[in-house]
Amino acid sequence: MAYQNLEVVHVVAMDQQRCIGKDNDLPWHISADLKHFKEITQGGVIILGRKNFDSIGRPLPNRTNWVITRNPDWTFEGVKVAHSIDEALSRSIEDVRLSQKPNTIFIIGGGEIFQQTIDITDRLELTHVDISVNNGDVFYPKIPDAFKKVASESHIDDKSAIAFEFATYQK
């Protein structure tokens with residue numbers, strides 16, 4: 001465990017070029033991926049950047065939401081605010097211990113937050129979406145060699161016919 005005896009987990013979906021966002025939104029809609037994300041993070045503590053939070057537009061229910069922003073005046077009802085990764089991690093420890101997933105903290109984006117936390121991350125819960133997004137503007141960092149794929153499940157979305165894979169990587 002990489003941070004204060006907690007397992008740090010990235011939860012993200014990305015295309016073939018590691019694109020995770022376009023125009024402050026997900027570039028695809030795959031219901032099974034959203035359900036998978038909910039199953040992984042529900043009852044836990046999530047950390048996300050303010051731009052990612054803005055794209056969602058509300059706190060995610062049944063989770064403690066920690067939003068990182070540089071703006072000292074930013075607030076949002078139902079959200080806890082930190083002004084750096086270190087502050088979010090250290091201030092959320094008690095929330096994590098009291099959560100339904102007491103040994104795990106979930107980092108859910110965006111790109112800058114993933115980049116800044118990849119070195120302290122223990123596990124990746126990735127959805128590999130088998131498309132290539134044109135003009136994507138947010139990307140997941142290159143997966144370090146220290147991570148090994150330990151589980152995967154391939155699927156095809158019923159509505160869009162997009163192929164995707166749920167994959168777990170462990171350090």
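Residues numbered from 1 in each chain as written. Predicted model: local features only at pLDDT ≥ 70, side-chain atom pairs only at ≥ 80, totals over all residues. Heavy atoms only, no water.

Peer 1: Lay out the overall build of the chain in plain terms, naming residues and giving numbers.
Peer 2: Along the backbone of the chain there are four helices and ten strands. Taken from N to C terminus, the helices and strands of the chain fall in the order β-β-α-β-α-β-β-α-β-α-β-β-β-β. Taken along its principal axes, the extent of the C-alpha atoms in the chain is 40 × 30 × 25 Å. Looking at the 171 residues of the chain, the share that counts as buried comes to 49%. A fraction of 63% describes how many contacts in the chain between residues 6 or more apart in sequence connect residues 24 or more apart. When the accessible surface of the chain is split by element, carbon and sulfur atoms take 47% of a total near 8900 Å². The average position of the 19 basic charges and that of the 24 acidic charges among the side chains of the chain differ by 2 Å. (Helix = DSSP H or I, 4+ residues; strand = E, 2+ residues; numbered from the N terminus. Buried < 20%, exposed > 50% of the residue type's maximum accessible area, 1.4 Å probe, protein only. Contact = heavy atoms within 4.5 Å. Areas by Shrake-Rupley, 256 points an atom, 1.4 Å probe, with all protein chains shown as cover. Lys, Arg positive; Asp, Glu negative; His and termini not counted. Charge placed at Lys NZ, Arg CZ, Asp CG, Glu CD.)

Peer 1: How would you sum up unusual backbone geometry? Please name residues and give values.
Peer 2: With an omega dihedral of 0°, the bond running from G109 to G110 counts as a cis peptide bond. Tracing the sequence through the fold places G110 in the loop between β6 (104–107) and α4 (111–117). For N62, which is not glycine, the phi dihedral falls at a positive 60°. Positive phi outside glycine occurs at A161, with the angle close to 65°. Its location among the elements puts A161 in the loop between β9 (148–156) and β10 (163–170).

Peer 1: Describe the layout of surface pockets, with residues and values.
Peer 2: Considering only enclosed or pocket space, the largest pocket measures out at about 1200 Å³ in volume. Forming the walls of the largest pocket are 43 residues, and the residues nearest its centre are N52, S55, I108, G109 and G110. The biggest single contributor to the lining of the largest pocket is helix α1 (residues 31–41), with six residues. In terms of residue class, the lining of the largest pocket is made up of 17 nonpolar, 15 polar and eleven charged. (1 Å grid on protein atoms, 1.4 Å probe; cavity = no way out; pocket = protein on both sides within 12 Å on 5 of 7 lines; lining within 4 Å. Points joined across faces, edges and corners; volume = space filled by probe spheres on them. Nonpolar A, V, L, I, M, F, W, Y, C, P; charged D, E, K, R; others polar.)

Peer 1: Describe in detail helix α3 (residues 85–98), supporting the description with residues and values.
Peer 2: Compared with an ideal rise of 1.5 Å per residue, which puts 14 residues at 20 Å, α3 spans 20 Å between its outermost C-alpha atoms and is within 8% of the ideal. Of all the bends found along α3, the most pronounced is centred on S92 and spans about 45°. Residues I85, A88, L89, S92, I93, D95 and V96 constitute the buried set of α3. Where α3 is buried, its residues touch β3 (45–49), β4 (64–68), β5 (80–82), β6 and α4. (Expected span 1.5 Å × (residues − 1). Bend = angle between axes of the 7 residues up to and from the residue.)

Peer 1: Kindly report on the pattern of salt bridges, identifying the contributing residues and their values.
Peer 2: On inspection of all chains with the given rule, the structure shows eight salt bridges. With its nearest N and O atoms 2.9 Å apart, the salt bridge here joins K80 to D95. Of this pair, K80 sits in strand β5 while D95 is found in helix α3, placing the two residues 15 residues apart along the sequence. A salt bridge links E165 to K149; the shortest N-O distance between them is 3.1 Å. Placement of E165 in strand β10 and of K149 in strand β9 is noted, with a sequence separation of 16 residues between them. Overall, the relative accessible area of 43% leaves K149 in the partly exposed class. Because the salt bridges share partners, they merge into one network encompassing E7, R123 and E125. (Salt bridge = Lys/Arg side-chain N within 4 Å of Asp/Glu carboxyl O.)

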